[in-house]
Amino acid sequence: MLRATVKLCCGIAHDHLRRLPGLKITAVAVIQKDVRGLVVRGSHCLPSKIPHYIQRQMGKETAACREPAGDVSPSQFSSTDLSYITQGEMALQRALSILQQHTSWQAETMLDARAAMSSTTLPGLGKVFRAEVVLAVPVARLHQELFEKIEQMPQWNLTLSQVKVLQRVGTDTLVTHEVTTPSPGNLVGQRDFVSVRHCVRRETAVYLVGTTTHVEPLPLQEGCIRAESRLSCIVLQPLAGDPSRTRFTWLLSMDLKASATVLLGGWIPASVVNHVLPQSQADFIKHLRRHLSAATCP
């Protein structure tokens, strides 16, 4: 039963099934029931083939990094909570697939980013941008700034005017509402996003993934266009030989809903939109560097 259900859960990654949230919820719920049965029967070491996040939700984490105390019990997760966890895990699997495949990346030229910026076009996502940089702080510090203190991000990230956590699911999944600041010259205009943000630890690396989601009631933001984050994944890895520094890799694909914005009587061209996203990554890295540097100064 467990093997068949895992196949069902894997199957929902296909595009034609991705729009069936009930199927995702059912698959995860049934897997949880089967795994609970293993625990009751005395299987204290769960099989390694059971997905990592299911083991974590069952309180049988096998990775070296333990979950923080006080997490929500699996029995307290609602079907909606499980759907958010599933969305986060599906986004992670998609990001890992991109990171592991041999893709041809084209260099993007950015000013003052001090980061390697590149892009590629992938089926189902369109344009995907990648930023890579080494930051002079450990992984744990970045995890704290980018996930645990996410609502404080607008204090130092000038590209955001607001980040609000709408819901917390355990310690590793958030539902957030983010509002951008207007771009220079209001070329694109303000956007807001409703997203699932999910944190996963694998060995020494931390993955911070995000994707668009739906909540009820939807938060309203006057003057903003509701955009969508197709995929965001920040990978934090300690630098080899120097764990006090972190290799920061960021995949980003967004739908800014540019067709809804008129510029001088016409639609915003794709070339403008494709410039805005990597520039926003470069700006984010610049603001993050400045914030980290200011925080370490006496």
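Residues numbered from 1 in each chain as written. Predicted model: local features only at pLDDT ≥ 70, side-chain atom pairs only at ≥ 80, totals over all residues. Heavy atoms only, no water.

The name recorded for the protein in an unreviewed UniProt entry is Steroidogenic acute regulatory protein, mitochondrial, from Ciconia maguari. Looking at the Subunit (unreviewed entry) heading of the UniProt record, one finds this comment for the protein: "May interact with TSPO." (UniProt positions renumbered as here; feature names shortened; annotations may be inferred.)

## With respect to the pairing of strand β7 (residues 205-212)
Counting buried positions along β7 yields 7 of 8 residues, so the element is predominantly enclosed. Of the pairings in the sheet, the one linking strand β6 (residues 191-202) to β7 comprises 8 bridges and is antiparallel in character. Looking across to β7, one finds that Arg-201 is bridged to Val-206. Once β6 ends, the chain turns through 2 residues before running back antiparallel as β7, passing Glu-203 with a positive phi of about 55 degrees. Summarising the sheet, β7 and strand β9 (residues 228-239) pair through 5 bridges and their orientation is antiparallel. Across the sheet, the residue bridging to Val-206 is Leu-236, located in β9. (Buried < 20%, exposed > 50% of the residue type's maximum accessible area, 1.4 Å probe, protein only. Helix = DSSP H or I, 4+ residues; strand = E, 2+ residues; numbered from the N terminus. Pairing = 2+ DSSP bridges.)

## Focus on the confidence of the model for the protein
For the protein, the average pLDDT comes to 77, and 66% of its residues sit at 70 or higher. Overall, residues 28-72 carries pLDDT values under 50, and its contacts beyond four positions in sequence, including any with other chains, amount to 75 contacts. Considering only residues more than four positions removed or in separate chains, one finds that residues 260-266, a stretch of pLDDT under 50, has 11 contacts. (pLDDT = per-residue confidence, 0-100. Contact = heavy atoms within 4.5 Å.)

## Some remarks on the nonpolar core
Counting 35 residues, the largest nonpolar core has Leu-146, Leu-208, Leu-236, Phe-248, Phe-284 and Leu-288 as the members making the most contacts within it. Secondary-structure elements contributing two or more residues to this core are β3 (126-135), α5 (139-148), β4 (160-169), β6, β7, β9, β10 (242-255) and α6 (270-296). (Core = buried A, V, L, I, M, F, W, Y, C linked by side-chain atoms within 4.5 Å.)

## Focus on the packing of aromatic side chains
With the rule as written, the count across this model stands at 3 aromatic pairs. Taking the centre distance of 5.7 Å and the plane angle of 55 degrees together, the rings of Trp-156 and Phe-284 count as tilted. Pair noted here: Trp-156 is in the loop between α5 and β4 and Phe-284 is in helix α6, with a separation of 128 residues, a long-range link. Take Trp-156: its relative accessible area is 10%, and that puts it in the buried class. For Phe-284, a relative accessible area of 7% translates into the label buried. Seen from their ring centres, Phe-248 and Trp-250 are 6.4 Å apart, and the 85 degrees between their planes marks the pair as edge-to-face. Each member of the pair, Phe-248 as well as Trp-250, carries the same accessibility label: buried. (Phe/Tyr/Trp six-rings, centres within 6.5 Å; stacked < 30°, edge-to-face > 60°.)

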